[in-house]
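Architecture at a glance
Letter by letter, the chains look like this.
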There are 2 protein chains.
Amino acid sequence: MEVKAVKRTLGLLGSLLLAALALAQAPAPLSPAEKEEAAKIYFDRCAGCHGVLRKGATGPALDPKKMAEKGVEYLKAVIFGGLPGGMPDWGRQGILKEKDIELVARFLLEQPPAPPVPTFEEIKKTWKVHVPPEKRPTKPLHNRNWQNFFGQVLRDTGQVAIIDGDKKELVTIVPTGFATHILRSSATGRYFMAIGRDGKASLIDLWMNPPQVVAESKPCLDARSIESSKFKGYEDKYAVVGCYWPPTMVVLDGLTLEPLKMVSTISYAKGAGELVMEARVAAIVASHFNPEWIVNLKESGQTWLVDYSNLHKKGRPLPITMIDTDLFLHDGGWALKRYFIVAANALNKLIVIDTKTREFAAEVEAGVRPHPGRGSNWEHPTYGPVWATGNIGSPEVTVVGVDPEKHPQYAWKVVKRITLPYAGTLFIKTHPNSPWVIVDFPMSPSPQAAASLCAIDKRKLEVAKCWEVPGAQELKARMVHPEFNKGGTEIWVSAWGSKDTPTFIVVYDALTLKEKARITGDWVRTPTGKFNVYNTAYDIY
Amino acid sequence: MEVKAVKRTLGLLGSLLLAALALAQAPAPLSPAEKEEAAKIYFDRCAGCHGVLRKGATGPALDPKKMAEKGVEYLKAVIFGGLPGGMPDWGRQGILKEKDIELVARFLLEQPPAPPVPTFEEIKKTWKVHVPPEKRPTKPLHNRNWQNFFGQVLRDTGQVAIIDGDKKELVTIVPTGFATHILRSSATGRYFMAIGRDGKASLIDLWMNPPQVVAESKPCLDARSIESSKFKGYEDKYAVVGCYWPPTMVVLDGLTLEPLKMVSTISYAKGAGELVMEARVAAIVASHFNPEWIVNLKESGQTWLVDYSNLHKKGRPLPITMIDTDLFLHDGGWALKRYFIVAANALNKLIVIDTKTREFAAEVEAGVRPHPGRGSNWEHPTYGPVWATGNIGSPEVTVVGVDPEKHPQYAWKVVKRITLPYAGTLFIKTHPNSPWVIVDFPMSPSPQAAASLCAIDKRKLEVAKCWEVPGAQELKARMVHPEFNKGGTEIWVSAWGSKDTPTFIVVYDALTLKEKARITGDWVRTPTGKFNVYNTAYDIY
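Residues numbered from 1 in each chain as written. Chains lettered and ligands numbered in written order. Predicted model: local features only at pLDDT ≥ 70, side-chain atom pairs only at ≥ 80, totals over all residues. Heavy atoms only, no water.

As annotated in an unreviewed UniProt entry, chain A is Nitrite reductase from Thermus brevis.

Below you can see the structure in the form of structure tokens.
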């Protein structure tokens, strides 16, 4: 035994020496401190599309072996200059410095570190109630028209600005998580819920004077979605957060954000059925027909219907109906407040869930990489109710018939592909009182296109007008996320620039499309999504 | 950059040299071939209690660092001689040779290898239909009383013997997976479903002449449970397999065993809520009140109610109600065909699920490491309907009141702890026509106790008689798994010996407890569980 052991050890030693020599040819492995820094940059900037475990989703998989074949210099060039098809030019935009780019390029040659998975006890420790429900006002403490407030995400400052939509003046700025991804309104509209990309959820009470964060918790390390409970009798009772990392869905108390139940979303993929360790939670919406949320898992291609009506019982029963829909589910919105339409974006498809029958109703071919945001709804004279999405990868607004009961011949068919002057759309938006669907192009590589907007005629189903927003290009800003005010008389769009320079929010008349106002100020830095209280609470878009 | 890289590499080389030298002091690492063999032995003999990832469950966690502290010699001694509390004496029993024990001891010092996780496509390739449903008989092709057949597991030969219960003669022997863990009857009783510990499911048609395996598939690498769909309208339509590895639940077609849907059971644990990568599926039963299965996850302490009634729809919707019950769920059975009682065995608890209301109804303190099998039901003159379990770790049959509607004062209370002469019980069994509950002791370290049985008086709630089964000790056999015939007039118990020596099945008169017959033959090797068709199909125990 002794002799054998020594022999084997020498053999091992030999291999170790060879391995060490081989390493001398390759770029130096990262030191622990470098690795930590690289992992942080990767997590903030790359993981969203490529995954923490680098298995790919919106972006391709980044296998260390293949990355080594490409080489550090190639990787550095791509990270600096981007690629057509969506890879941002992090270096050219000045978001990543040369040192950062080198770190990340070398990081990609090494195996991805296993990120931690917090326990339920640990996430409970992140929970803070600043103002308990019983100490909150029973009516608004100010005379503002809070249903026409806008919550404007200030992405890179980790804040949300509350803006009075009537007066177009800043009401207050509240701190939230890093790079807030979305705001959702509670069922009553009284609360905004913000979810940071860092996984922090914040509950903002708009009845306080000024509005303030009354509760928060951090159920994830990385998150993209949050939603409240909206079914009759359950208004504002629960909230749910969809995590990117760990791949998990966390149910919270709706009024305090206390974590109540965690469900892992590690799951087998639709189709070939491999086990997906990083099955991330994309869009979540609250059903109007049942006490449930529609939860979309990106990499495993499943839609889960999550019933929150039994959580008060022993053992917190949580019925989850697992439906195989399709891979790479991303975002989506309501049609007729009954059909939830979600983009399977890497497959260029739309998936339709009938939330009344609780069934997978249909699949529709969209453009290239559809990105609905929540999409837009209107009544067309010929096609009846339609819903539309923009596409990141093709210059198209895809219009789909959505009424199988009264217009079955058009239901779940593309009734029109409206050609746009540019690709790169992230959001389109309309309002019942407006004749237009407004389209943005922030993902276009052309600065001029990114500074432009188009208006589509909802009856003619064609582009009526496109224009470049004056002053945006000068600020290196991309116009993003059109949003209507409560009355549907105004369209607000944000100029998304760099954190170093204040930009603006432009307000248009929703009939004439004439510029009506600009909201500016030192605080207007990296404004991205903005959410009108009434339209968000009542799903008007 | 160049200079820095070389420096760093030299630093790494230094560390590698140091690591190699340190290894020379420790036992030699296993060669790839040794590691593979050790992993196989570990998987077959150790993983059941300690887990493939060695996080522990019925047995303790086996952390490589702690194992190294204990040392190889200590580990070898424990594997050879066992430990009080349940660790078997693998060496003394002659099941593991000295070479095997050394391999496993050294294996425990190394990090557990990540076992493969098959994809859905891969498990579909294991699916074989030997006789398609349309070619199967429409009535029995023999004149035997098939409802009184017994399916006798021949554990280590990978077979199931079908025995005619009326004539006490062997009908046929069919090949199944390795170390079949249980048989379950289909709703109609016509089919036996066997699940091997190697994950292979076999469908045995008892109407064929002779009965034969008509379909099989292998949805797991390691499994313990299988069940059919029993709700009205869904009889024999679906089956479900509970995997130990990968931690997964797989729904199959009930008549062909075609894999239809896989669900990962990786989940957050009840309580502290850490993510459990090896959350294994323990007992599964089919509800009588709803089209659903009750599925118990061992390490994460959850009971899932799995509704199979929507699987025919697009996307195969599968509603799963996730209830936090308690950790280390193992096996269990019905009380009043309504309450499913499952042991949380490492917590010495019983968990009660009301399958009518679909709620977590109660928790009950059992003895030490309760192991109900399916338990036993009877009507007691004072306490009304009761259900009982044996315990591995204490000499006790625990009797629990189970009728909250008519006997609420006794419901979910221990009405009697009946003291036994020995601990080590795996199974107890009764029948409505018998005055006795029969108790085995196969886990007792005493060969005499393991060869013994006891009969409990169901009215007096005390031991009426215990006896050593003649001939069992001579064969080094443990008497295991009492089972009644269809009429409840006979009790069958198996003598579980080594594969090298045939043993016997003893048959007792269920009133007088006198030995009535012995079933013997060269084929009677390692008989363990046996299942009467009628009693298994109709949940009579």
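Looking now at the overall build of chain A. Within chain A, the secondary structure is distributed over nine helices and 35 strands. In terms of overall dimensions, chain A is globule-like: its C-alpha atoms have a radius of gyration of 24 Å, near the 24 Å expected for 541 residues. Summarising its shape, the C-alpha atoms of chain A cover approximately 85 × 55 × 50 Å along the three principal directions. For chain A, buried positions account for 61% of its 541 residues. Excluding contacts between residues fewer than 6 apart, the proportion of contacts in chain A whose partners are at least 24 apart in sequence is 52%. For chain A, the exposed area adds up to about 20200 Å²; of that, 56% sits on carbon and sulfur atoms. One way to put it: in chain A the 67 positive side-chain charges average out to a point 2 Å from where the 57 negative ones average out. (Helix = DSSP H or I, 4+ residues; strand = E, 2+ residues; numbered from the N terminus. Rg over C-alpha atoms; globule rule 2.2 N^0.38 Å. Buried < 20%, exposed > 50% of the residue type's maximum accessible area, 1.4 Å probe, protein only. Contact = heavy atoms within 4.5 Å. Areas by Shrake-Rupley, 256 points an atom, 1.4 Å probe, with all protein chains shown as cover. Lys, Arg positive; Asp, Glu negative; His and termini not counted. Charge placed at Lys NZ, Arg CZ, Asp CG, Glu CD.)

Right, let's get into the pairing of strand β25 (residues 396-401) of chain B. Residues and elements named next belong to chain B. Counted residue by residue, β25 has six buried out of six residues, so it is predominantly covered. Neither face of β25 is exposed, since E396, T398 and V400 on one face and V397, V399 and G401 on the opposite face are all buried. Once strand β24 (residues 384-390) ends, the chain turns through five residues before running back antiparallel as β25. Of the pairings in the sheet, the one linking β25 to strand β26 (residues 414-419) comprises five bridges and is antiparallel in character. (Pairing = 2+ DSSP bridges.)

Summarising burial for helix α6 (residues 98-107) of chain A: seven of the ten residues are buried, a large majority. By the burial criterion, the buried members of α6(A) are D100(A), I101(A), L103(A), V104(A), A105(A), R106(A) and F107(A).

This next bit is on the confidence of the model for chain A. Across chain A, the average pLDDT comes to 92, with 95% of residues at or above 70. Low confidence marks residues 1-25 of chain A, where pLDDT is under 50. Its contacts with residues over four positions away, or in another chain, come to 24 contacts. (pLDDT = per-residue confidence, 0-100.)

Before going further, it helps to examine the state of the cysteines. As used in these notes, a disulfide is a covalent bond between sulfur atoms, one from each of two cysteines. Residues and elements named next belong to chain B. Throughout the structure, instances matching the rule amount to four disulfides over all chains. Bridging C220 to C243, the disulfide has an S-S length of 2.1 Å. For the disulfide bridge between C220 and C243, the dihedral angle about the S-S bond is near -65°, and by the sign convention the bridge is left-handed. Remark: C243 occurs in strand β10 (residues 238-245) and C220 occurs in the loop between β8 (212-217) and β9 (222-228); sequence separation between them is 23 residues. Each member of the pair C220 and C243 is classed as buried. In chain A, the bonded cysteines, taken in the order they occur along the sequence, pair up as 1-2, 3-4. With no disulfide of its own, C46 lies closest to C49 among cysteine sulfurs, the gap being 9.1 Å. When its relative accessible area of 37% is taken as the criterion, C49 is described as partly exposed. (Disulfide = S-S within 2.5 Å.)

On to the side chain of S494(A), then. All names here are of chain A. With respect to the helices and strands, the residue S494 is situated in strand β32 (residues 490-496). S494 sits in the buried class, given a relative accessible area of 0%. Not counting residues within four places of it along the chain, the set of residues in contact with S494 comprises Q152, R478, M479, V480, F504, I505, P527, T528 and K530.

What follows is about the pattern of salt bridges. If you walk through the whole model with that rule in mind, you get 70 salt bridges over all chains. Note that K313(B) and E359(A) form a salt bridge whose closest N and O atoms lie 3.0 Å from each other. Taken together, the residues span two chains, with K313(B) in the loop between β17 (302-307) and β18 (318-324) and E359(A) in strand β22 (residues 359-365). Accessibility expressed as a relative area gives 26% for K313(B), which makes it partly exposed. Owing to a relative accessible area of 28%, E359(A) belongs among the partly exposed residues under this scheme. Salt bridges here are not isolated pairs; linked through shared partners, they connect E34(A), E73(A), K76(A), E102(A) and R106(A). (Salt bridge = Lys/Arg side-chain N within 4 Å of Asp/Glu carboxyl O.)

The full count for this structure, using the stated rule, is 24 aromatic pairs over all chains. Ring geometry for Y42(B) and F107(B): centres 5.7 Å apart, planes at 50°, overall tilted. Placement of Y42(B) in helix α2 (residues 32-50) and of F107(B) in helix α5 (residues 98-107) is noted, with a sequence separation of 65 residues between them. For Y42(B), a relative accessible area of 3% gives the class buried. Ring centres of W467(B) and Y508(B) lie 5.4 Å apart, and the angle between their planes is 75°; on these two criteria the pair is classed as edge-to-face. Taken together, the positions of W467(B) in strand β30 (residues 462-468) and Y508(B) in strand β33 (residues 505-509) put the pair 41 residues apart, joining distant regions of the chain. Take W467(B): its relative accessible area is 12%, and that puts it in the buried class. An aromatic cluster is defined as three or more aromatic residues linked by ring pairs; in this entry it consists of Y234(A), Y238(A), W293(A) and Y308(A). Taking the ring centre of F107(B) as reference, the NZ or CZ of R54(B) above it sits at 4.5 Å. (Phe/Tyr/Trp six-rings, centres within 6.5 Å; stacked < 30°, edge-to-face > 60°. Lys NZ or Arg CZ within 6 Å of the ring centre and 35° of its normal.)

Turning next to the packing of α2(B) against α5(B). All names here are of chain B. Taken N-terminus to C-terminus, the directions of α2 and α5 make an angle of 95°; their axes are 9 Å apart at the nearest point. By the angle between their directions, the pair α2 and α5 is classed as roughly perpendicular. The segment α2 lies against α5, with E34, K35, E37, A38, A39, I41, Y42 and C46 engaging K99, D100, L103, V104, R106 and F107. For the contact of α2 with α5, the per-class residue count stands at eight nonpolar, no polar and six charged. (Axes fitted to C-alpha atoms, helices over the stretch in contact; angles between N-to-C directions. Parallel < 35°, antiparallel > 145°, perpendicular 65-115°, else oblique. Nonpolar A, V, L, I, M, F, W, Y, C, P; charged D, E, K, R; others polar.)

A few words now on the sheet that holds strand β28 (residues 436-440) of chain B. Spatially, four strands are ordered β27-β28-β29-β30 (chain B) in an open sheet, and the strand pairing comes out antiparallel. Each having just a single partner strand, β27 (428-429) and β30 of chain B make up the two edges of the open sheet.

Further remarks concern helix α4 (residues 72-81) of chain B. Residue and element names in this part refer to chain B. Among the residues of α4, those classed as buried are V72, L75, K76, V78 and I79. An end-on view of α4 places all buried positions within 165° of arc, on one side of the element. In this structure, the buried residues of α4 make contact with α3 (64-70) and α5. Following α4 by one or two positions, G82 has its phi on the positive side, about 75°. (Arc of directions from axis to C-beta.)

Residue and element names in this part refer to chain B. Structurally, the position occupied by V160 is in strand β3 (residues 159-164). Relative accessible area serves as the criterion here: at 0%, V160 is assigned to the buried category. Along the chain, V160 and K499 lie 339 residues apart, while their C-alpha atoms are 14 Å from each other. Those residues in contact with V160 that lie beyond four places of it in its chain are G151, Q152, V153, T172, I173, V174, T176, T180, L183 and I204.

Turning next to the pairing of β22(A). Residue and element names in this part refer to chain A. Inspection of the sheet shows strand β21 (residues 349-354) paired to β22 by six bridges, in the antiparallel sense. Note that in β22 the partner of V352 across the bridge is A362. Taking the residues that link successive antiparallel strands as the turn, the β21-β22 hairpin has four residues, and the phi of R358 there is positive, at about 65°.

On to unusual backbone geometry. Here the bond from N209(A) into P210(A) is cis, since omega is -5°, no more than 30 degrees from zero. Take P210(A): it is sitting in the loop between β7 (201-205) and β8 (212-217). For the peptide bond that leads from W245(B) to P246(B), omega is -15°, which places it in the cis range. Its place among the elements puts P246(B) in the loop between β10 and β11 (248-253). The phi torsion at K168(A) lies on the positive side, around 55°, for a residue other than glycine. Secondary-structure assignment places K168(A) in the loop between β3 (159-164) and β4 (169-175). Take K168(A): its relative accessible area is 21%, and that puts it in the partly exposed class.

A few words on the sheet that holds β10(B). Residues and elements named next belong to chain B. On the basis of which strands lie adjacent, the open sheet formed by four strands has the order β9-β10-β11-β12 and antiparallel pairing. Each edge of the open sheet is held by one strand with a lone partner, namely β9 and β12 (259-264). For this sheet, the mean angle separating the axes of adjacent strands, direction not counted, is 20°.

Residues and elements named next belong to chain B. Mapped onto the fold, T265 is located in the loop between β12 and β13 (267-268). On the accessibility criterion, T265 (0% relative accessible area) is buried. A polar contact is formed between the side chain of T265 and the backbone oxygen of A279, at a distance of 2.7 Å. In this structure T265 touches P247, T248, M249, A279, V281, L297 and W304, once residues within four positions along its chain are discounted. (Polar contact = N/O pair within 3.5 Å; in protein donor to acceptor, adjacent residues only side chain to side chain.)

With that settled, consider the environment of L141(B). All names here are of chain B. Among the secondary structure elements, L141 is positioned in the loop between β1 (128-129) and β2 (149-154). Along the backbone, L141 and L206 are 65 residues apart, and their C-alpha atoms lie at a distance of 9.1 Å. Those residues in contact with L141 that sit more than four places away from it in its chain are W207 and N209.

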